[in-house]
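# Understanding the architecture of this molecule
Spelled out from the first residue to the last, the chains are:
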Amino acid sequence: MPSKLISAEPVNARALLTPFDPLVWNRDRIKRIFGFDYKIEIYVPEKKRKYGYYVYPFLLGEDLVARVDLKAERDKGVLRVKGAFVEDGFAPKYVAENLADKLKLMANWLGLKRAVEGRRGNLIGELRTALKR
């Protein structure tokens, strides 16, 4: 039987994952592998949502480090970050800088002029600064 190859090299990944990404939709697996408790809140009444309507987990390196509630406001030409939340134990500034790069890329891919921050979440302050760079 072939042996399983495991790299000692760290993974240098940065990705926004949709709620329907194969990594995300299996809630038990994402909890077991990443310790990331994820629930899609599309069907939760707005006042009872913890993170937002359509929340993207953010993969940085080998960890899920944040989650962002995004909305494309095409009439305004912006990708609005309605909420941004860093997970416990991760450096907000480092996460925000990496997340801002991916948000700008996503806005461009969607044909929008820019990404702008909203008001909700413990990462919004750092993200506001990072998006201005």
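Here the structure is shown first, and the text comes after it.
Residues numbered from 1 in each chain as written. Predicted model: local features only at pLDDT ≥ 70, side-chain atom pairs only at ≥ 80, totals over all residues. Heavy atoms only, no water.

### Let's talk about the pairing of strand β4 (residues 78–86)
In terms of residue burial, β4 counts as a mostly covered element, since 7 of its 9 residues are buried. Alignment of strand β3 (residues 63–73) against β4, held across 8 bridges, turns out to be antiparallel. Considered in β4, the bridge of A66 is made with V86. Between the antiparallel neighbours β3 and β4 lie 4 residues, among them G77 with a positive phi of about 70 degrees. (Buried < 20%, exposed > 50% of the residue type's maximum accessible area, 1.4 Å probe, protein only. Helix = DSSP H or I, 4+ residues; strand = E, 2+ residues; numbered from the N terminus. Pairing = 2+ DSSP bridges.)

### So, the environment of E87
Residue placement: E87 occurs in the loop between β4 and α3 (92–109). Since its relative accessible area comes to 17%, E87 is described here as buried. Between the alpha carbons of E87 and A100 there is a distance of 16 Å; along the sequence they are 13 residues apart. Sequence-distant contacts of E87, defined by excluding residues within four places in its chain, comprise F36, L64, V65, A66 and R67. Looking at E87, its side chain comes within polar contact range of the side chain of R67, at 2.8 Å. (Contact = heavy atoms within 4.5 Å. Polar contact = N/O pair within 3.5 Å; in protein donor to acceptor, adjacent residues only side chain to side chain.)

### Considering the side chain of N98
Within the fold, N98 resides in helix α3. Residue N98 is classed as buried on the basis of its relative accessible area of 11%. A polar side-chain atom of N98 sits 3.1 Å from a polar atom in the side chain of R14. Apart from residues no more than four positions distant in its own chain, N98 is found in contact with R14, F58 and L60.

### What to know about the packing of aromatic side chains
Throughout the structure, instances matching the rule amount to 4 aromatic pairs. Considering the side-chain rings of F36 and Y38, the 6.2 Å spacing of their centres and the 15 degrees angle between planes classify their relative orientation as stacked. Each member of the pair, F36 as well as Y38, is classed as buried. An aromatic cluster of at least three residues, connected via ring pairs, comprises F20, Y54 and Y56. Taking the ring centre of F36 as reference, the NZ or CZ of R67 above it sits at 4.1 Å. Positioned over the ring face of Y51 is R67, at 4.2 Å from the centre of the ring. (Phe/Tyr/Trp six-rings, centres within 6.5 Å; stacked < 30°, edge-to-face > 60°. Lys NZ or Arg CZ within 6 Å of the ring centre and 35° of its normal.)

### What to know about the sheet that holds β3
Within the open sheet, the 5 strands sit side by side as β1-β2-β3-β4-β5. Their pairing is mixed. Strands at the two margins of the open sheet, each flanked by one partner only, are β1 (14–16) and β5 (114–120). Strand-to-strand twist in this sheet, taken as the mean axis angle between neighbours without regard to direction, amounts to 30 degrees. Sheet strands touched by helix α4 (residues 124–131): β4 and β5. Its angle to β5, the strand with the most contacts, is close to 160 degrees. (Axes fitted to C-alpha atoms, helices over the stretch in contact; angles between N-to-C directions.)

### Quick notes on the layout of surface pockets
Volume-wise, the largest pocket comes out at about 170 Å³. What lines the largest pocket is simply L16, T18, Y56, K102, L105, M106 and W109. It is α3 that contributes the most residues to the lining of the largest pocket, 4 residues altogether. Of the residues in the lining of the largest pocket, the class split is 5 nonpolar, 1 polar and 1 charged. (1 Å grid on protein atoms, 1.4 Å probe; cavity = no way out; pocket = protein on both sides within 12 Å on 5 of 7 lines; lining within 4 Å. Points joined across faces, edges and corners; volume = space filled by probe spheres on them. Nonpolar A, V, L, I, M, F, W, Y, C, P; charged D, E, K, R; others polar.)

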